[in-house]
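If you want the building blocks of each chain, they are given just below.
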Number of protein chains: 2
Amino acid sequence: MNKGGVFIISGPSGSGKDTLLVEYFKKRPETAFSISSITRDMRVGEVEGEKYNFISKEKFEQMIKEDKLLEYNNFVGNYYGTPREPVEKAVECGRDIIIEVDVNGAAQIREKLPEALSIFIMPPSFEELRRRLCGRGTETEEVIEARMASALGEIKRATEYDYIVVNDDISVAVDDIISIISSSKYLLGRQKTIIDEVLKNAKS
Amino acid sequence: MNKGGVFIISGPSGSGKDTLLVEYFKKRPETAFSISSITRDMRVGEVEGEKYNFISKEKFEQMIKEDKLLEYNNFVGNYYGTPREPVEKAVECGRDIIIEVDVNGAAQIREKLPEALSIFIMPPSFEELRRRLCGRGTETEEVIEARMASALGEIKRATEYDYIVVNDDISVAVDDIISIISSSKYLLGRQKTIIDEVLKNAKS
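What you see is a predicted model, and the numbers here were worked out from it, not measured in a lab.

Conventions adopted
Here the residue numbering is sequential within each chain, running from 1 through the sequence in written order. Labels are handed out in written order, letters beginning with A for the chains and numbers beginning with 1 for the ligands. Only residues with pLDDT of 70 or above have their local features reported here, since the model is predicted, and side-chain atom pairs are shown and tallied only from 80 upward, although totals for entire chains, interfaces and linings are computed over all residues. The copies were overlaid with a least-squares fit restricted to C-alpha atoms from residues scoring a pLDDT of at least 70 in each copy. With C-beta atoms placed from the backbone, a contact is any residue pair whose C-beta atoms sit within 7 Å. Angles here are taken between N-to-C directions and fall from 0 to 180 degrees, while the axes themselves are lines fitted to C-alpha atoms, restricted in helices to the stretch in contact. In DSSP terms, a helix is any run of H or I states spanning at least four residues, a strand is any run of E spanning at least two, and both are numbered starting from the N terminus. Relative orientations are named as follows: roughly parallel for angles under 35 degrees, roughly antiparallel for angles over 145 degrees, roughly perpendicular for angles from 65 to 115 degrees, and oblique for any other angle. By definition, turning the near helix anticlockwise from the far helix through less than a right angle yields a left-handed crossing, and turning it clockwise yields a right-handed one. Residues are grouped as follows: Ala, Val, Leu, Ile, Met, Phe, Trp, Tyr, Cys and Pro are nonpolar; Asp, Glu, Lys and Arg are charged; every other residue, Gly included, is polar. Neighbour density around each residue's C-beta defines its exposure: 20 or more other C-beta atoms within 10 Å make it buried, 12 or fewer make it exposed, and counts between make it partly exposed, where C-beta atoms are placed from the backbone. For this quantity, the arc is that covered by the directions from the helix axis to the C-beta atoms. Pairing between strands is defined by DSSP: at least two bridges between the two strands are required.

**Student:** Is there a simple way to think about the relation of the copies chain B and chain A in this case?
**Tutor:** Comparison of the two chain copies shows a relationship of rotation about an axis with a shift along it. For the match of chain B to chain A, the screw axis carries a shift of 0.0 Å, the RMSD comes to 0.0 Å, and the turn is 180°. Both copies are brought into coincidence by an operation consistent with a two-fold rotation axis. In terms of C-alpha distance to the rotation axis, chain B has B:S179 as its closest residue, with the C-alpha 2.8 Å off the axis. A symmetric contact is evident, with 100% of the interface residues of chain B recurring at the interface of chain A.

**Student:** What is the right way to read the packing of helix α1 (residues 17–27) of chain A against helix α7 (residues 170–183) of chain A from this model?
**Tutor:** Residue and element names in this part refer to chain A. Between α1 and α7, whose axes approach to 9 Å, the crossing angle comes to 60°. When the axis of α1 is compared with that of α7, the two are oblique. For the pair α1 and α7, the sense of crossing is right-handed. Here α1 contributes T19, L20, E23, Y24 and K27 to the contact with α7, which in turn contributes I170, A173, V174, I177 and I178. Considered class by class, the residues forming the contact of α1 with α7 number seven nonpolar, one polar and two charged.

**Student:** Got a minute to help me understand the interface of chain B and chain A in this structure?
**Tutor:** It is common to report an interface's size as the accessible area lost on association of the parts. Contacts between the two partners involve 31 residues from chain B, matched on the other side by 31 residues from chain A. Secondary-structure elements contributing two or more residues to the side of chain B that touches chain A are α5 (126–134), α6 (141–156), β9 (163–166), α7 (170–183) and α8 (192–203) of chain B. Among the elements that make up the side of chain B that touches chain A, the one with the highest residue count is α8(B) (six residues). Per-class residue counts for the side of chain B that touches chain A are 21 nonpolar, seven polar and three charged.

**Student:** I'm lost on α5(B) in this one. Help?
**Tutor:** Since the α-helix advances by 3.6 residues per turn, residues separated by three or four positions end up pointing in the same direction. Residues and elements named next belong to chain B. Restricting attention to buried positions, one finds in α5 the residues F126, L129 and L133. Projected down its long axis, α5 shows its buried positions confined to an angular sector of 60°, all on one face. Those residues of α5 that are exposed and aimed more than 90 degrees away from the buried face are E127 and R131. Where α5 terminates, the next one or two residues include G135, which has phi positive at roughly 60°.

**Student:** How should I be thinking about the sheet that holds strand β8 (residues 117–122) of chain A in this particular structure?
**Tutor:** Sheet strands line up and pair through hydrogen bonds in the backbone, either parallel or antiparallel. All names here are of chain A. Read from one edge of the open sheet, five strands run β2-β7-β1-β8-β9, paired in parallel fashion. Of all strands in the sheet, those with a lone pairing partner are β2 (32–33) and β9 (163–166), marking the two edges. In this sheet, strand β7 (residues 97–100) lies alongside strand β1 (residues 6–10) in parallel orientation, the contact comprising four bridges. Bridge pairing in β7 links F7 to I98. Where α7 meets the sheet, it contacts β1, β8 and β9, and its direction lies at approximately 160° from that of β9.

Keep in mind these numbers describe shape, not what the thing actually does.
Here is the structure:
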């Protein structure tokens, strides 16, 4: 059986990445999604095991020690990370898996899984990014400027990614991601079995 | 405007590559096809400018001297090659272009155009390859063995390619190629413009 592929997806706030992923999973529910382990408290509306597994700091630090994370960081006292095991399991079972992570996490995962493909979701233009980050117009100028600076900082690192998908029309962008994930099945690294098989039978 | 992509397609006799390309171009007539320059005589049923441009040996040798070929070889006294200009023109005009070429030609093109993506068409199994090469059963065992040896020699070099497409069901294989060619539009190397544009507007 062919192995599954690992797909890192990042995009700044304003790229529309979250809605894009919701739409992607409606069309491709067979793809697995990597659930992050985090140590902060659960917020209203969050469900254990949906997007996050809520675990203790002690357990998280144990995972770090045992190299059980593909990436992690510590943000204002709380840990966030991607557990290695579910990703490896999906790949072994022939399932593609998506890891939604920021540019720093993506860089850490590439070190550990060089065969992972990474996709950066881009807003269609600077103006549209500003429009999206302005939200409902209730935020102060400072808040918007801080969001813009953070988004632009991430966009500068888009060149570290294998693929760039511009999210202008969401249904087009979803199909772009489907096409990237489908076509990667035919990459040499995931097709060596068939070459070996034809040649093996040739020798016997 | 985004540039077009260059796609090298190879596959041994018995891979079904020719039928596959005919079906591909029915579905994607906007893709360009690289017409080879050759110096042998035209055969019955061949049309100038369809698959080949028939030119003189003198003209071909002039093209070699002027580095106007992406690849060429000499087979029993006749030259076969891929002219550089139509490929560069297609790319500049934003058209994808397919170059159908053998494993040796593919290796030469990769040297000159490292950004080209290459796709190797595989027969689904050793047994099916033999069945296809036996043809209508009118060939001698020696002819079939020679074809098999040549096909297996090419398959050994399939590991030089970016993508491997198994041609078991032709309509599936055509869709695989369409998906590879479409998704390559989103590769970083072909999307730098959008990153530069968003960041440029950020500075102004």
